[in-house]
Amino acid sequence: MRPVAIIGTGQTNHARCRDDVSQPELVREAASRALDDAGLQPADVDAVILSNMELFEGRALPELWVGEGAFANGKPCMKIATGGTSGTSSCIAGFHQAASGLFDIVLVVGFEKHSEGHTQTGMALTDPFWDRAVASGALGNFALSISQYMAERGVSEEQAARVAVKSRRNAARNPHAHLSDANATIEDVLNSRLLAYPIHLMDMCPQSDGAAAIVVASGDKARKLSAKPAWVKAAATRHEQPYIGDIEQRLLTMRTLRDASRSAYATAGITEPLKQLDLAEIYEPVTYAELAWYEILGFCAEGEAGHLIEAGVTGIDGELPVNPSGGVLSANPVGATGVIRVAEAAAQILGRAGAHQIEGAKTALATGYGVYAWADAVILGSAV
Amino acid sequence: MRTIRIAGVGETGPVQQDRRSIPEMVLGAVDLALADAQIGHGEIDSVVTASVDLFDGLTASNIAVTEVVGAVMKPEARIAGDGLAATVHGACQIWAHAYDTVLVVAHAKTSMAANGKLTQWAMDPIHLQPLGVNFSAAAGLQANVLAQHDRHAEKRWARLSCERRAAGTSGMAKKLSQSEILASEITTSPLRNGMCAPLGDGACAVVLQAGSNAGGPVLSGVGHDLEAHGLGDRNLVHWAGLTRAFDRACRVANLPPADARFDLAEPSCFYPHEEELFLRATGIDGGTVISPDGGLMAGCVPVVAGMSRLVAAFKWLRQTGNAGKRALVHGHWGPAGQAQAVAIVDGGL
Amino acid sequence: MSERVSVPIEMVQSWRYSSGDSMERFSNGIRHKRIEAVKCGNCQRRYLPPRPVCGNCHLSLTEWVPVSDVGTLEAWTVVYLPFLDGRTGELRDGPYGMGLIRLDGSDTTLNHFLNQNDPAKLAVGMRMRIVWRDELHGAMDDILHFEEVS
């Protein structure tokens, strides 16, 4: 792909309910902040991509009403929706459009306003013949896969709880986070309500209202407009077969994320991710998934994820900080969640991540996760 | 920018009701397109699909087609909008040098639910949806504005609908005379039932490939645009968004928008007044053949609509005597043409 | 500060889904407690639910193979949170057991309810059997739940 870079990012303050703004206003909040961060005006934007899972709000073609909030009126605009990967896939679509030669500046905005719809209803519209009668949403499906992961790898509930503690504590440094607690403890997690064995409330991502945006620039523009752009080193997407029962030992194998990350590593020249990555913003919908992704992404050997979190390797001061922002566990406006991963990774390279900045960050990984096992991997770097 | 060849196309419809499941129907279009392009699934680098969750009654409705479009362990992007927008994105992927061969697929089945009820959910829920406004009402309002100072509009639209219906071969559209159309039931005044493109089920697939124009028609320009949502915020008698999309596509194709000449135009017209808006917005005049197969008036599948026009243009350019000619393809979605997409297709050498 | 205004809109929506050829055969089968999977001629994988193509090999699936009503529990959970039934909109109260069961003769697993909701009595590898509803109508809920093979 031709060179492109992220030159600005913006996020709303994510919360359970943002009834102080409409959906277009929520989107405007993130879009304006991203343009301010890039030092651009709305008129500088050549094309807009929106990311949203419309059934969560009970809507159709939401870009029609909400596009105005992303300054899209009178501009090329389209909406991307691929479940949980909507945000990362929209960012990748933004990379492609900015690299196409058709546009110099592409604004990507993801949003979700769960409080305005009924998320369980949206999630329940699965295959009407096969699993609609028995669906228990993302929660039940993760719980099933976790039972396999625990049986195979011997991961403990306490190790998983450490992921939630890291997330809540990191989120305390992030003004945009929906859930944060600088004093969170393993006991807090283990004592929180049991939702579906072995998932406790604090193991699971929340539903948030929120939006996030990135400004993507073509190579030449990026050099002109930014002293230190976050260059797109690699981007890969892999989709998977449609039923949970198709996927053998889902959390253990996750061939999509494995293949997408290996492809991205190869393109970006990464052979030792633990050493060469300065941070990762990964899409961890549940604590156990973060542990599983450590193994899939090659941060550790198979079966070593529990030790990695115990040793603090992925803590904010560790060798490879994972989700210094607090991750999906601390904020999850689904259509925006993937954009947040990429925006956080970019803000780290740009050196504008605030209190959760990783000093000297030069190479960052962002991942997306969706449906049963769809995956995106994006690598950003400080040099082309 | 490298040349994008349209390597093959496939379409299933339109039919009033396709009794197959969504994946079976989509597989029909994909198999035809791959056979037409003489390639296998293995040669596809990336897939771009177009579908709308609320229309399909499925959350992330591309889950239903992942296997049949061949996206397992491959990149897939899903555009929730008209298939021509998905085509625009597929072209961007090739021009970006991200992929060399892209399969673009659009599908919808209006037989699954009342489309007029579903499109209400695309309207501003604070100001418009509570009034019961849907895409059909917005089109009626637009036609009414156009007819305000134009006493002959209704007759002209009836004649145009009659001609387009007569040219159709899909078997979906009833052949109706001008007077039958003028006597048909009013849907949203001044539009009548006989003026509305009949809605049905269908899927389209197109293979885009980096290559040369020696191998057949090429996609030489694309453009898209989103207008303001509020009907009062727009001048409804002009499709300004289409003019912008058209200008962008001409720029990509290195054509001066004011004197760009087209041998064929394939507009997406859900209603006859939209053809007049299309001509006005693009400046197309009498020298251009328009919708020789009846266009959408012969059978229309929302989401697939714009892509079905691309397939029609491609097939026309492949007919004997049409090599080297140029076609303008159009798609739109949203109330009164709020979102617009355009593609310019040049016949091969 | 002025009072926040919100516009309530209620959504009532229904769709008619076509099952497709392979699912039609499957549905007609379970009306008679007969379960069949489709088998890929290339990778030999036996798929439930039946579908038009093998996503890995891109080949049409036309060969049918019989599947047992007994299988192995490959994954399990107990859900405590009430969950929405996507067909009716009614809430299903917890706690209820769920599992991924690999029926003998199929290579994919089937997600369904378990008649056991005590985590201490569930384990990966248990043998499970289908408990059928009294009146069968050719849909997935003809299977009431799975029970342990004693």
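Predicted model, so just to flag it, every value in this text is computed and none were measured.

Draft legend 1. Representation of the nonpolar core. The biggest cluster of nonpolar side chains holds 159 residues, and the ones touching the most others in it are F95(A), L107(A), I214(A), V69(B) and L219(B). Excluding its chain neighbours within four sequence positions, the residues that come into contact with I214(A) are I6(A), G8(A), T9(A), C91(A), F95(A), V106(A), L107(A), V108(A), V339(A), V342(A) and A343(A).

Draft legend 2. Here's a closer look at the interface of chain B and chain A. Taken residue by residue, the interface counts 58 residues in chain B and 52 residues in chain A. Carbon and sulfur atoms make up 65% of the area that chain B and chain A hide from each other, which totals about 4500 Å². Taken together, the connections running from chain B to chain A amount to zero salt bridges. Applying the counting criterion to the chain B and chain A interface returns 26 residue pairs in polar contact (both at pLDDT 80 or more). Elements represented by at least two residues in the side of chain B that touches chain A include exactly α2 (53-56), β3 (76-79), α3 (83-95), β8 (218-226) and α8 (240-252) of chain B.

Draft legend 3. Local environment of the pairing of strand β11 (residues 374-381) of chain A. All names here are of chain A. Taking burial as the measure, the eight residues of β11 include eight buried ones, the bulk of the element. Alternating residues of β11 divide into W374, D376, V378 and L380 and A375, A377, I379 and G381, and every residue in both groups is buried. Relative to β11, strand β8 (residues 230-238) runs antiparallel, the two being bridged by seven bridges. Following the sheet pairing, T237 is matched in β11 by D376.

Draft legend 4. Focus on the domain arrangement of chain B. All names here are of chain B. Here chain B is described as being made up of domain 1 (4-112 + 200-346) and domain 2 (127-195). The C-alpha-based centres of domain 1 and domain 2 are spaced at 23 Å. Taken together, the contact between domain 1 and domain 2 spans 29 residues of the former and 25 residues of the latter. Between domain 1 and domain 2 lies a buried interface of about 2300 Å² when both sides are counted; carbon and sulfur atoms form 67% of it. Ranking the residues of domain 1 by area buried against domain 2 places P272, H273 and M297 at the top, with a combined share of 25%. The salt bridge partner of E276 is R156, with a shortest N-O separation of 2.7 Å.

Definitions and limits used
Residues numbered from 1 in each chain as written. Chains lettered and ligands numbered in written order. Predicted model: local features only at pLDDT ≥ 70, side-chain atom pairs only at ≥ 80, totals over all residues. Heavy atoms only, no water. Core = buried A, V, L, I, M, F, W, Y, C linked by side-chain atoms within 4.5 Å. Buried < 20%, exposed > 50% of the residue type's maximum accessible area, 1.4 Å probe, protein only. Contact = heavy atoms within 4.5 Å. Buried area = accessible area lost by both parts, 1.4 Å probe. Salt bridge = Lys/Arg side-chain N within 4 Å of Asp/Glu carboxyl O. Polar contact = N/O pair within 3.5 Å; in protein donor to acceptor, adjacent residues only side chain to side chain. Helix = DSSP H or I, 4+ residues; strand = E, 2+ residues; numbered from the N terminus. Pairing = 2+ DSSP bridges. Domains from an automatic or database assignment.

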